[in-house]
Amino acid sequence: MDADKWIRKKCMGIFASGKYFPVHTGKSFYFQIFFRIISPFSTTSDFLVFMSDQHYDASSIQILEGLEPVRKRPGMYIGSTDERGLHHLIWEILDNSIDEALAGHATNITVSIEEDGSVSVMDDGRGIPVAVHPKTGKSTLETVMTVLHAGGKFGGAESGYKVSGGLHGVGASVVNALSSRLEARVYRDGKEHVQTYQRGVPDGPIAQTGISELRGTYVRFWADETIFSTLEFSRETILSRLRQQAYLTKGITLTFFDRRDGFSYRFYFEGGIRSYVAFLNRNSESIGEIFSLDRLVDDISIEVALQYKKDEYDERVISFVNNIPTPEGGTHLTGFRTALTRAINKYARANEILKEKDNNLSNDDVAEGLTAIVSVKVWEPQFEWQTKSKLGNSEVKGVVDRVVNEKLFEFFEERPKTAKAIIEKCVLAYRARMAARNARDTIIRKGALEGMTLPGKLADCASRDPKRSELYIVEGDSAGGSAKSGRDREFQAILPLRGKILNTEQARIDKIFANQEIKNLIIALGTSIGDTFDISRLRYHRIIIMTDADVDGAHIRTLLLTFFFRYLRDIITGGYLYIAQPPLYKLAKGKQVWYVFSDEEKDRLIAEHGVVSDGIQRYKGLGEMNAEQLWETTMDPSVRVMHRVRIEDAERANEVFKVLMGEDVAPRRRFIQARAKQVENLDL
Ligand code: 1YM
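Treat the numbers as computed from the prediction; the structure is a model and nothing was measured.

Undergrad: Looking at this model, I keep getting lost on the overall build of the protein chain. Mind explaining?
TA: Along the backbone of the protein chain there are 22 helices and 22 strands. Within the protein chain, buried positions represent 53% of all 684 residues. If you take every contact in the protein chain between residues at least 6 apart in sequence, the share linking residues at least 24 apart comes to 71%. Looking at the protein chain as shown, the accessible area adds up to about 30,900 Å², and 51% of this sits on carbon and sulfur atoms.

Undergrad: In this structure, what is going on with unusual backbone geometry? I would like to understand it.
TA: Excluding glycine, residues mostly carry a negative phi; peptide bonds, for their part, are mostly trans. Phi at Asp189 takes a positive value of approximately 55°, unusual for a residue other than glycine. For Asp189, the location among the structural elements is in the loop between β3 (179–188) and β4 (191–198). One non-glycine residue with positive phi stands out, namely Glu352, at about 55°. As for its placement among the helices and strands, Glu352 is situated in the loop between α11 (331–350) and β14 (370–377). We classify Glu352 as exposed; its relative accessible area is 58%.

Undergrad: Got a minute to help me understand helix α6 (residues 83–102) in this structure?
TA: Every α-helix carries 3.6 residues per turn, so stepping three or four residues along brings you back to the same face. Relative to the 28 Å expected for 20 residues at 1.5 Å per residue, α6 spans 28 Å between its end C-alpha atoms, a close match to the ideal helical length. Just past α6, the residue Gly104 takes up positive phi, approximately 85°.

Undergrad: Would you mind showing me how to read the sheet that holds strand β17 (residues 542–546) here?
TA: By way of backbone hydrogen bonds, the strands of a sheet pair with one another, either parallel or antiparallel. The strand order across the open sheet built from five strands is β16-β15-β17-β18-β22, with neighbouring strands paired in mixed fashion. The sheet terminates laterally at β16 (492–497) and β22 (642–644), the two strands that pair on one side only. Looking at each pair of strands side by side, their axes are set apart by 25° on average, direction ignored. Where strand β18 (residues 577–580) and β22 come together, three bridges link them in antiparallel fashion. Its bridge partner lying in β22, Ile579 is registered against His643. Contacting β15 (470–475), β16 and β17, helix α16 (residues 516–525) runs over the sheet at an angle of about 170° to β16. Helix α17 (residues 551–567) rests against β15, β16, β17 and β18 of the sheet, and its axis sits at about 135° to β15.

Undergrad: What is the right way to look at the side chain of Glu368 in this model?
TA: Here Glu368 shows up in the loop between α11 and β14. Taking the relative accessible area as the measure of exposure, Glu368 reaches 17% and is therefore buried. Ignoring anything within four residues of it in the chain, the contact list for Glu368 reads Tyr308, Glu312, Tyr313, Asp314, Lys425, Ala429, Arg433 and Arg508.

Undergrad: Help me understand the sheet that holds strand β10 (residues 286–297) in this model?
TA: Spatial strand order, β10-β11-β14-β12-β13: five strands in an open sheet with mixed pairing. In this open sheet, the two strands that pair with only one neighbour each are β10 and β13 (324–325). In the sheet, strand β12 (residues 316–321) pairs with β14 via six bridges, with the strands oriented parallel. What sits directly across from Val317, in β14, is Ala372.

Undergrad: Looking at this structure, how should I read the pairing of strand β2 (residues 119–123)?
TA: Successive side chains on a regular strand alternate, one facing one side of the sheet and the next facing the other. For β2, a buried count of five out of five residues is recorded, marking the element as mostly surrounded by other parts of the structure. The alternating pattern of β2 places Val119, Val121 and Asp123 on one face and Ser120 and Met122 on the opposite face, and all of these are buried. With antiparallel pairing between neighbouring strands as the criterion, strand β1 (residues 108–113) and β2 make up a hairpin whose turn holds five residues, including Gly117 at a positive phi of roughly 90°. Sheet analysis places β2 next to strand β7 (residues 216–223), joined by five bridges and oriented antiparallel. Bridge assignment links Ser120 to a residue of β7, and that residue is Arg220.

Undergrad: It is not clear to me how the packing of aromatic side chains should be interpreted in this structure. Could you clarify?
TA: How two aromatic rings sit relative to each other is given by the distance of their centres and the angle of their planes. Applying the stated criterion to the full structure yields 16 aromatic pairs. On the basis of an interplanar angle of 75° and a centroid distance of 5.2 Å, the ring pair of Phe291 and Phe411 is categorised as edge-to-face. You can see Phe291 sitting in strand β10 and its partner Phe411 sitting in helix α12 (residues 394–414), a full 120 residues away along the chain. Feature note: the residues Tyr247, Phe256, Phe263, Tyr265, Phe267, Phe269, Tyr276, Phe279 and Phe320 constitute an aromatic cluster, connected by ring pairs. Just above the ring of Trp222 sits the side chain of Arg181; from NZ or CZ to the centre is 3.9 Å. Above the ring of Phe565, the side-chain terminus of Arg569 is found at 3.9 Å from the ring centroid.

Undergrad: Looking at this structure, I do not really get the pattern of salt bridges. What am I missing?
TA: Pairing between side chains becomes possible if they bear opposite charge and their charged atoms approach one another. One pass over the structure, following the stated rule, counts 36 salt bridges. For Lys377, the salt bridge identified is with Glu303, shortest N-O distance 3.5 Å. Of this pair, Lys377 sits in strand β14 while Glu303 is found in strand β11 (residues 300–309), placing the two residues 74 residues apart along the sequence. Each of the two residues, Lys377 as well as Glu303, counts as buried.

Undergrad: Any chance you could explain the packing of helix α9 (residues 235–248) against helix α10 (residues 273–280) here in plain terms?
TA: Working note: a packed helix pair is described by the angle between its axes plus the distance between those axes. Closest axis-to-axis distance for the α9/α10 pair is 7 Å, and the angle between their directions is 135°. On the basis of their axis angle, the class for α9 and α10 is oblique. Across the interface between the two elements, Arg243, Gln244, Tyr247 and Leu248 of α9 pack against Ile273, Ser275, Tyr276 and Phe279 of α10. Looking at the contact of α9 with α10 residue by residue, the classes come out as five nonpolar, two polar and one charged.

Undergrad: Please explain the environment of Phe291 as it appears in this structure.
TA: Looking at Phe291, the relative accessible area reads 3%, which means it is buried. Taking the C-alpha atoms as reference, Phe291 lies 7.6 Å from Leu408; in sequence the two are 117 residues apart. If sequence neighbours within four positions are ignored, Phe291 has contacts with Arg274, Val304, Ala305, Leu306, Lys407, Leu408 and Phe411.

Undergrad: I keep staring at the pairing of strand β8 (residues 253–258) and nothing clicks. Help me out?
TA: With six of six residues buried, β8 is to be regarded as a mostly interior element. The alternating pattern of β8 places Thr253, Thr255 and Phe257 on one face and Leu254, Phe256 and Asp258 on the opposite face, and all of these are buried. Relative to β8, β1 runs parallel, the two sharing six bridges. Residue pairing across strands places Val111 opposite Phe256, the latter belonging to β8. Sheet topology note: the β8/strand β9 (residues 263–267) ladder contains five bridges and is antiparallel. Residue pairing in the sheet places Asp258 in a bridge with Phe263 of β9.

Undergrad: Where do I start with the packing of α16 against α17 in this structure?
TA: It is the contact of α16 with α17, at a shortest axis distance of 13 Å, that shows an interaxial angle of 60°. Accordingly, the angle class assigned to the pair α16 and α17 is oblique. For the crossing formed where α16 meets α17, the hand is right-handed. Across the interface between the two elements, Ile518, Leu521, Ile522 and Leu525 from α16 touch Leu560, Phe563 and Phe564 from α17. For the contact of α16 with α17, a count of residues per class yields seven nonpolar, no polar and no charged.

Undergrad: Please explain the nonpolar core as it appears in this structure.
TA: It is characteristic of soluble globular proteins that their nonpolar side chains tend to be buried jointly. Grouped together as the largest cluster of nonpolar side chains are 61 residues, with contacts concentrated most on Ile90, Leu94, Val111, Met145, Phe221, Ile238 and Tyr276. If one sorts the elements of this core by residue count, α6 sits on top with nine residues. Sequence-distant contacts of Tyr276, defined by excluding residues within four places in its chain, comprise Gln244, Tyr247, Ile318, Phe320, Ile373 and Glu651. Core analysis: the next-biggest nonpolar cluster, separate from the first, contains 43 residues, Phe336, Tyr347, Leu408 and Phe412 among them.

About the criteria used
- Starting afresh in each chain, residues are numbered from 1 along the sequence in its written order.
- With pLDDT at 70 or above as the cut-off, local features in this predicted model cover only qualifying residues; side-chain atom pairs require 80 or more to be listed or tallied, and sums for whole chains, interfaces and linings still use all residues.
- Side-chain numbers here rest on the full set of heavy atoms in the structure, without hydrogens or water.
- The numbering of helices and of strands both runs from the N terminus, where a helix is a DSSP run of H or I of at least 4 residues and a strand a run of E of at least 2.
- Burial classification: accessible surface area is computed with a 1.4 Å probe over protein chains only, and a residue below 20% of its type maximum counts as buried, one above 50% as exposed, and the rest as partly exposed.
- Contacts are assigned to residue pairs that have any heavy atoms within 4.5 Å of one another.
- Note that accessible areas follow from Shrake-Rupley with a 1.4 Å probe, and for residues the cover is restricted to the protein chains shown.
- Multiplying 1.5 Å by the residue count of a helix minus one yields the expected span of that helix.
- Whether two strands pair depends on DSSP finding at least two bridges between them.
- Helix axes use the C-alpha atoms of the stretch in contact, all axes being lines fitted to C-alpha atoms, and the angles between their N-to-C directions lie in the range 0 to 180 degrees.
- We call Phe, Tyr and Trp rings a pair once their centres come within 6.5 Å, taking the six-membered ring for Trp, and we label the pair stacked below 30 degrees between planes, edge-to-face above 60, and tilted otherwise.
- Any Lys NZ or Arg CZ found within 6 Å of a ring centre and within 35 degrees of that ring's normal is scored as a charge over the ring.
- Within this document, salt bridges are pairs made up of a side-chain nitrogen of Lys or Arg and a carboxyl oxygen of Asp or Glu, the two lying within 4 Å of each other.
- Every angle not falling under 35 degrees, over 145, or within 65 to 115 is termed oblique; those three ranges are roughly parallel, roughly antiparallel and roughly perpendicular.
- Nonpolar residues are Ala, Val, Leu, Ile, Met, Phe, Trp, Tyr, Cys and Pro. Charged residues are Asp, Glu, Lys and Arg, and all others, Gly as well, are polar.
- Here is the rule for handedness: rotate from the far helix to the near one, and if that takes an anticlockwise turn smaller than a right angle the crossing is left-handed, while a clockwise turn gives right-handed.
- Here, nonpolar core means buried Ala, Val, Leu, Ile, Met, Phe, Trp, Tyr and Cys residues that are tied together by side-chain atoms lying within 4.5 Å of each other.

As structure tokens, this is what we get:
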């Protein structure tokens, strides 16, 4: 069977199963024809303006020229060409399907990693229009796939809110430009239409390839290996995105297939973002039931769901605009926070939980232990950053504030017990904040004295230029000793840690500031912490965690990562945090010595050079290396191996830290049991 037939059969098989794509008959068929005639060409002036300066007898060369900027500077369109950029290709195509679902035309979307590593996305919407524009001679499908920014320009009144193409709003043509191959199939008007492309250039005109009663769009792409540094799609990343989108679009079914091993998963949440909050709080004891609202005011759709956790303090508020995550927040989030704080203060005063003499609770006080989803949909979102991560529309703030304030106050009035428990938690947060401020002031006052107050255990470097300076955080005094003698004291500072630092996932903030090891670390870093955190005062631009290659070392590393993630996250996002990789083995034969960082490398060297067993030394701890060896293997910038710590998915990281380091044992046990088979190195 040739590839084309094979793909079609596969695609048809899934389309035809009926489970995912109900066959449309009678009325809806006419409905589709109706759309084809009036939409988008006759209704959307945008389209005409946009198209008028295009040459529609355009040759492939012109298409190539149109998409050339994308191939030349992919980063400008998809952010990067690493794993993150690669996944961005899926989000672009998926967003078009989600748009179609938001417009009420699609209910089933399927994303598959195919056997050959390519990715396909299907929906059961109207299908991208295929009609030829009288002026252009090109099909709309071809335009969408080959003209930059074409995708977002077609929004007729009937099409609903536009997702506007994910992070960079660029659409399908960018995916096409960055794919060595792309195949688009449209099921529309009882027919199947196909067009294929290579690096954005059509192989030929759109072809009608068969009769089909199905509806929808299928896009499969092969990411270009000359553009991306990796072509490996991550199942976890895709699943997490699909789950999120399924929560945000009540009632749609998102199905995932990994055809490399037959894995599949389906998401459908009747409760929408209520289900999302329930999911986020699934490992926690919560206060009362979930509050939620779903309102349409002045053409702005507002959905909010929230619930407080009982004995936890971390805040998780996730916001979206037209289903796009807005990690920097914006006017919708400001409106939400203002309303939440106001409703709580109002209720607390009305019911004398807050007395006259008490201060009002602040936004920070009401944030502890809060899990919330804020999802708005607006017709013309304006973003403040190029990355589309912060909403700027000023009208949204007031509307969200009004609606949330009113509904939340009602919710409290109907549930006095829940309201009281929430407010008592907020008051506690207020008191703890005051206590912590006192403890923190002590640190800051000390910090103000500069050099003198640097912890005695810190062996600082000579350089005062943060860009050049490195801080090694080292496990134990003995390894600390070797590191101190082995380092280049010009730019390398050493801070030995005694034993295990406090688990900051479980301790309250005032305890954390009282802890000596943590105080030392904060003072050495120079940034302070909390409200007074200032990244510009960071004294070292490479902070390197150096622990033993054993279970204790991993534990200490995790404790440190927890602290950085929870309290000094900007150090991670700024790219300043690293993990050193000391060698696992030293191999010796005669006068030759190799330091080896993995088991595979060890086996290869043993086989290649015939190293015998007494020439193999396994390093269990840094302390087993002398100063010179430590420099040669782990600290010398010209040979050392380090891993930069990055946050790929903050929500998932949050979850993992909570499970691994939090108070609840049961989720941790489940986590460990589920991964028991993956353990490779276990010290007994
Ligand atoms: C697997 C990817 O692209 N689905 C999709 C895209 C479109 C439509 C339906 C659609 C939109 C409209 C009218 C409209 C797009 N159409 C266009 C354009 N899935 C996927 N499903 N009819 C169909 O917005 O009015 C761009 S995207 F511009 F051609 F209308």
